[in-house]
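Here are the chains, one letter per residue:
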Amino acid sequence: MGKQSKSRNNMASISLSEIGLVESPYRQKFGIPRQPGLAPAAKGRIKLLGEVNSPDAFKSIEQYSHLWLIFVFHETMAQGWKPLVRPPRLGGNVKAGVFATRSTFRPNPLGLSVVKNEGIEIIKRQVYLNISELDLLDGTPIVDIKPYLPFADALPHASSDFAPTPPSTQVEVHFAELAKQQLSIIEVRYPKLQVLIEQVLLQDPRPAYKRNKADDKVYAVSLYEFNIRWQVNHHIITVLDIT
């Protein structure tokens, strides 16, 4: 009994340190794809911190095409956790237990995401891990990085009742003339910005309960330093402007 109590006390005192910070095109939570890999054009990097800022810590990492990132939900952690949440895949109106979802409101605000490994880069002794296909907010603290192992991590016969397949929407993304003109200038610096905008908006970032309803609201998502305003009309998303 004494050993069990001691073990519980040790668990309660566990602390984690940031080993890196994400630099991402996603500057706000709204608009981030709800799972990794849904916007392949999303590219970012992890700036390594402290003792982890060492090329030795990443020796041989090029052998892996993908990596697991364990991170902190830093924007929502102050709100605490909820035993029941409303998963977007259930329309936002049905509750499920937090451990049956990937909700950010967890007892320990940790997330798990698989990203594509784009290699190590060193700039003036600063080590960066370049990644793509990410679904992480800019500034997200990373607490661990692990190789993705296809033979163990990809389970073709696994099942999931309310999220059996990737999310699908019936929307199309169009660009207004003003947005096209702005893109022609911006894409000199960001050559795949249009592709990223399309991939993000094809997920229809609006709250689930608003889908398939008349909606004349003008929405905005932040990508890099740009504010993208858009509107939905009969399953067509029109990008109005990019500022």
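Above this note sits the structure.
Residues numbered from 1 in each chain as written. Predicted model: local features only at pLDDT ≥ 70, side-chain atom pairs only at ≥ 80, totals over all residues. Heavy atoms only, no water.

**Quick look at the overall build of the protein chain**
And then number 1: In terms of regular secondary structure, the protein chain is built from four helices and twelve strands.
And then number 2: Looking at the protein chain as a whole, 36% of its 243 residues are labelled buried.
And then number 3: Intrachain contacts of the protein chain at a sequence separation of at least 6 include 71% that bridge at least 24 residues.
And then number 4: A total accessible area of about 14,800 Å² is found for the protein chain, and carbon and sulfur atoms account for 53% of it. (Helix = DSSP H or I, 4+ residues; strand = E, 2+ residues; numbered from the N terminus. Buried < 20%, exposed > 50% of the residue type's maximum accessible area, 1.4 Å probe, protein only. Contact = heavy atoms within 4.5 Å. Areas by Shrake-Rupley, 256 points an atom, 1.4 Å probe, with all protein chains shown as cover.)

**Things to note about the sheet that holds strand S12 (residues 236-242)**
And then number 1: The four strands are arranged S9-S12-S11-S10 in an open sheet whose pairing can be described as mixed. Both edges of this open sheet fall to strand S9 (172-175) and strand S10 (218-223), since each of them pairs with a single strand only. In this sheet, adjacent strand axes meet at a mean angle of 30 degrees when their direction is disregarded.
And then number 2: Here S10 pairs with strand S11 (residues 226-233) via six bridges, running antiparallel. Looking at the pairing, Ala220 lines up with Arg229 of S11.
And then number 3: Set on the sheet, helix H3 (residues 177-186) makes contact with S9, S11 and S12; between it and S12 the angle comes to about 55 degrees.
And then number 4: The strands that helix H4 (residues 193-201) touches are S9, S10, S11 and S12; relative to S9, the one it contacts most, it runs at about 140 degrees. (Pairing = 2+ DSSP bridges. Axes fitted to C-alpha atoms, helices over the stretch in contact; angles between N-to-C directions.)

**Side note on the side chain of Ser113**
And then number 1: Here Ser113 is to be found in strand S6 (residues 110-123).
And then number 2: Only 2.7 Å separates the side chain of Ser113 from the side chain of Asp135, close enough to count as a polar contact.
And then number 3: Not counting chain neighbours up to four residues away, the residues in contact with Ser113 comprise Pro36, Leu67, Trp68, Leu69, Phe71, Asp135 and Leu136. (Polar contact = N/O pair within 3.5 Å; in protein donor to acceptor, adjacent residues only side chain to side chain.)

**Description of a nonpolar patch on the surface**
And then number 1: Among the surface-exposed residues, Ile14, Leu16 and Leu110 lie close enough to one another that they form a single nonpolar patch of about 280 Å² accessible area.
And then number 2: Mapped onto the elements of the fold, Leu110 is located in strand S6.
And then number 3: The partly exposed category is assigned to Leu110, whose relative accessible area is 32%. (Patch = residues over 30% accessible without salt bridge, like charges linked within 9 Å, V, L, I, M, F, W, Y side chains within 5 Å. Salt bridge = Lys/Arg side-chain N within 4 Å of Asp/Glu carboxyl O.)

**Some remarks on the pairing of strand S2 (residues 43-48)**
And then number 1: Across the two faces of S2 the burial differs, with Gly44, Ile46 and Leu48 buried and Lys43, Arg45 and Lys47 not buried at all.
And then number 2: Bridge analysis of strand S1 (residues 20-23) against S2 gives four bridges, and the strand direction is antiparallel. Paired with Glu23 across the two strands is Arg45, which belongs to S2.
And then number 3: Two strands pair when backbone bridges link them, and S2 and strand S7 (residues 126-132) are joined in this way by five bridges, in the antiparallel orientation. The residue of S7 that forms the bridge with Gly44 is Ile131.

**Comments concerning the sheet that holds S7**
And then number 1: The six strands are arranged S1-S2-S7-S6-S3-S8 in a closed barrel whose pairing can be described as antiparallel. For this sheet, the mean inter-axis angle between neighbouring strands, taken without regard to orientation, is 45 degrees.

**Points about H3**
For an α-helix, the turn length of 3.6 residues means that residues three or four places apart are oriented alike.
And then number 1: Every buried residue belonging to H3 is among Ala179, Gln182, Leu183 and Ile186, and all of these are buried. Across the axial projection of H3, the buried residues extend over an arc of 105 degrees, all falling on one side. Those residues of H3 that are exposed and aimed more than 90 degrees away from the buried face are Glu177, Ser184 and Ile185.
And then number 2: At its buried positions, H3 is contacted by S9, H4, S11 and S12. (Arc of directions from axis to C-beta.)

**Focus on the environment of Pro109**
And then number 1: Mapped onto the fold, Pro109 is located in the loop between strand S5 (96-97) and S6.
And then number 2: The spacing of Pro109 and Val72 is 37 residues in sequence and 5.7 Å in space, taken between C-alpha atoms.
And then number 3: Residues in contact with Pro109, not counting those within four places in the same chain, are Phe71, Val72, Phe73 and Met77.

**With respect to the pairing of strand S8 (residues 141-147)**
And then number 1: In terms of strand pairing, S1 meets S8 through two bridges, oriented antiparallel. In the strand pairing of S8, Gly20 is matched with Ile142.
And then number 2: Strand direction decides the pairing type here: strand S3 (residues 66-72) and S8, joined by five bridges, are antiparallel. Bridge pairing in S8 links Phe71 to Ile142.

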